[in-house]
Amino acid sequence: MASFSFSKPTATTTSLGFGFGFGSATGLGLNSIQQQQLQGSDNLTNLATCVSVPVIFGDERDALIAKWNQIQAFWGRGKGYCSQSNTVTFTPENPFCRFKAVGYSCMPLSSNEDGLVSFIFNKKVDEISHYQTQIIDTLSKLLGNKTTLSVCVDAVKPLPDDKTELIFYIMERQTTGISRRFTASDVYNFLHTPNILSQLTQQLLVHQIVPKVGLSNEQLNNYLENAPSGIDPFLWQQAKLDNPEPDSLIPVPMVGFKELHQRIKHQAQQTHLHQTRLKVICDDLTELQVKHANMQAKSEQYKRKHRQLSHQILKAMVKQEVGRKMGYAIQADEEQLRVNLEAVHTELNAPTQFKVDLNLCCKTYVRKQL
């Protein structure tokens with residue numbers, strides 16, 4: 001079992017996976033880049049010869065083969081002949097392929113300091129959630145079972161094709177009380193050492209390890225300035241101009257039906273997650289509305305009870321006041337109150353006042369009840 005220690009991280013550059021996420025790839029040297037450029041130039045020359053003027057038979061059959069090569073190049077599949085000894089394999093990345101488009105994906109917001117790393121499993125989310133504790137224990141053993149290190153799960157997300165993404169980070173809590181996260185690049189480099197990677201593959205059945213790191217400004221500008229392989233520069237430039245949210249979205253190429261199908265599955269997965277979340281919110285709102293209605297009913301009940309208790313208290317206060325004033329002469333303010341009450345009573349009992357209307361309402365109500 002290897003002990004967990006971080007050495008100085010190797011230089012890495014982040015490159016965009018043309019599917020739907022960001023991956024990490026080691027940087028290429030200048031010689032390697034030059035070799036790739038020369039090889040790409042030769043391939044482009046052979047490709048142009050194959051679809052325009054192949055030289056195989058030296059007669060009219062070469063024109064027919066050129067048309068067949070053009071169909072294969074437009075489709076992005078097959079093998080074409082430039083000459084009797086030189087062939088070209090057509091892929092969707094060739095510049096003549098017609099099944100290409102440019103879409104937009106969200107740029108990741110997490111940084112290297114957040115330390116987020118994800119495991120991709122070829123298992124359903126229910127299985128991963130069930131064995132989440134076992135996964136954490138296995139990772140802790142690979143880290144050397146150090147008490148100062150802890151594996152914290154940030155999220156478990158379902159992916160298309162019954163795959164699951166488990167996002168985690170490693171926290172170090174020192175004896176002094178200070179805690180810090182290891183960077184995503186350090187954790188990724190450690191997990192990608194041959195012995196650790198083999199144990200992750202065999203014990204946890206990890207299919208892929210991806211550091212959740214966004215692009216730096218320099219990397220983002222370099223990516224946007226150079227059109228991807230097989231994408232017309234004018235199409236790429238137009239995609240950058242049509243970007244609805246340049247601060248949060250990034251253009252990504254979709255080459256071939258496989259890429260398009262993969263994107264559709266991811267969008268369907270996200271739509272399902274959004275619908276599930278909306279259903280949970282609707283259920284919560286319905287429950288809150290029921291609770292609100294119950295609270296209103298209880299509030300009305302308590303108001304009625306409060307009025308009843310107020311009347312009972314008022315009657316008790318009247319009886320107490322009558323008992324206290326018994327044997328005393330009527331005071332001037334009490335006499336004035338008696339006069340005012342008699343005036344109100346006389347006004348209510350007047351033939352043309354409220355009592356007549358009240359008797360009429362009572363008769364109408366009784367007649368309707370019958």
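Residues numbered from 1 in each chain as written. Predicted model: local features only at pLDDT ≥ 70, side-chain atom pairs only at ≥ 80, totals over all residues. Heavy atoms only, no water.

### Some words on the environment of leucine 249
- Tracing the sequence through the fold places leucine 249 in strand S11 (residues 249-255).
- C-alpha of leucine 249 to C-alpha of cysteine 106: the two residues are 143 residues apart in sequence and 4.6 Å apart in space. (Helix = DSSP H or I, 4+ residues; strand = E, 2+ residues; numbered from the N terminus.)

### Some points on the packing of aromatic side chains
- One pass over the full model with this rule turns up six aromatic pairs.
- With 4.8 Å between their ring centres and 45 degrees between their planes, phenylalanine 99 and phenylalanine 257 make a pair best called tilted. Here phenylalanine 257 lies in helix H9 (residues 256-325) and phenylalanine 99 lies in the loop between strand S4 (87-89) and strand S5 (100-106), a separation of 158 residues in the sequence.
- On the accessibility criterion, phenylalanine 257 (47% relative accessible area) is partly exposed.
- The ring of phenylalanine 74 has arginine 98 lying over it, and the distance from NZ or CZ to the ring centre is 4.3 Å.
- The ring of tyrosine 169 carries the charged tip of arginine 181 above its face, separated from the ring centre by 3.6 Å. (Phe/Tyr/Trp six-rings, centres within 6.5 Å; stacked < 30°, edge-to-face > 60°. Buried < 20%, exposed > 50% of the residue type's maximum accessible area, 1.4 Å probe, protein only. Lys NZ or Arg CZ within 6 Å of the ring centre and 35° of its normal.)

### A short note on the confidence of the model for the chain
- For the chain, the average pLDDT comes to 83, and 88% of its residues sit at 70 or higher.
- Within the chain, the element-level pLDDT minimum falls on strand S1 (residues 12-17), averaging 33, and the maximum on strand S6 (residues 117-121), averaging 93.
- Note that residues 1-39 has pLDDT below 50 and, in this model, 74 contacts with residues that lie over four places away or in other chains. (pLDDT = per-residue confidence, 0-100. Contact = heavy atoms within 4.5 Å.)

### Examining helix H6 (residues 194-204)
- Taken residue by residue, H6 has Ile196, Gln199, Leu200 and Leu204 as its buried positions. Looking down the long axis of H6, one finds its buried residues gathered within 100 degrees of arc, a one-sided arrangement. H6 presents Pro194 and Gln202 as exposed residues on the side facing more than 90 degrees away from its buried surface.
- As for H6, its buried residues are in contact with S6, helix H4 (132-142), helix H5 (184-191) and strand S10 (206-211).
- Within two residues after H6, leucine 205 carries a phi angle of roughly 55 degrees, on the positive side. (Arc of directions from axis to C-beta.)

### Quick notes on H4
- Regarding H4, the residues found buried are Ile135, Thr138, Leu139 and Leu142. Looking straight down H4, one finds its buried side chains confined to an arc of 100 degrees; they lie on one side.
- Downstream of H4 by one or two residues, glycine 144 has phi in the positive range, about 95 degrees.

### Things to note about the packing of H4 against H6
- Direction vectors running N to C along H4 and H6 enclose 160 degrees, while the axes themselves pass 11 Å from each other. Comparing their axes, H6 and H4 come out roughly antiparallel. Both H4 and H6 take part in a crossing whose hand is right-handed. On H6, the residues that touch Ile135, Thr138, Leu139 and Leu142 of H4 are Ile196, Gln199, Leu200, Gln203 and Leu204.
- In the contact of H4 with H6, the residues fall into six nonpolar, three polar and no charged. (Axes fitted to C-alpha atoms, helices over the stretch in contact; angles between N-to-C directions. Parallel < 35°, antiparallel > 145°, perpendicular 65-115°, else oblique. Left-handed = near helix turned anticlockwise from the far one by under 90°. Nonpolar A, V, L, I, M, F, W, Y, C, P; charged D, E, K, R; others polar.)

### Brief notes about the pairing of S11
- Among the seven residues in S11, seven count as buried, and that is most of the element.
- Because side chains alternate across S11, one face comprises the buried residues Leu249, Pro251, Pro253 and Val255, and the other comprises Ile250, Val252 and Met254, equally buried.
- Pairing of S5 with S11 involves seven bridges; the strand directions are antiparallel. Within S11, the position partnered with glycine 103 by the bridge is valine 252. (Pairing = 2+ DSSP bridges.)

### With respect to the nonpolar core
- Judged by nonpolar contacts, the single largest core of 25 residues is most densely connected at Phe119, Phe121, Leu139, Phe168, Leu191, Leu200 and Ile209.
- Elements that contribute at least two residues to this core include exactly S6, H4, strand S7 (149-159), strand S8 (163-173), H5, H6 and S10.
- Tallying contributions element by element places H5 first for this core, with five residues.
- Once residues within four sequence positions are removed from consideration, phenylalanine 121 is found in contact with Ile128, Ile135, Lys163, Thr164, Leu166, Leu204, Leu205 and Val206.
- Listed in part, the 10 residues of the second largest apolar core include Val102, Met107, Trp236 and Val252. (Core = buried A, V, L, I, M, F, W, Y, C linked by side-chain atoms within 4.5 Å.)

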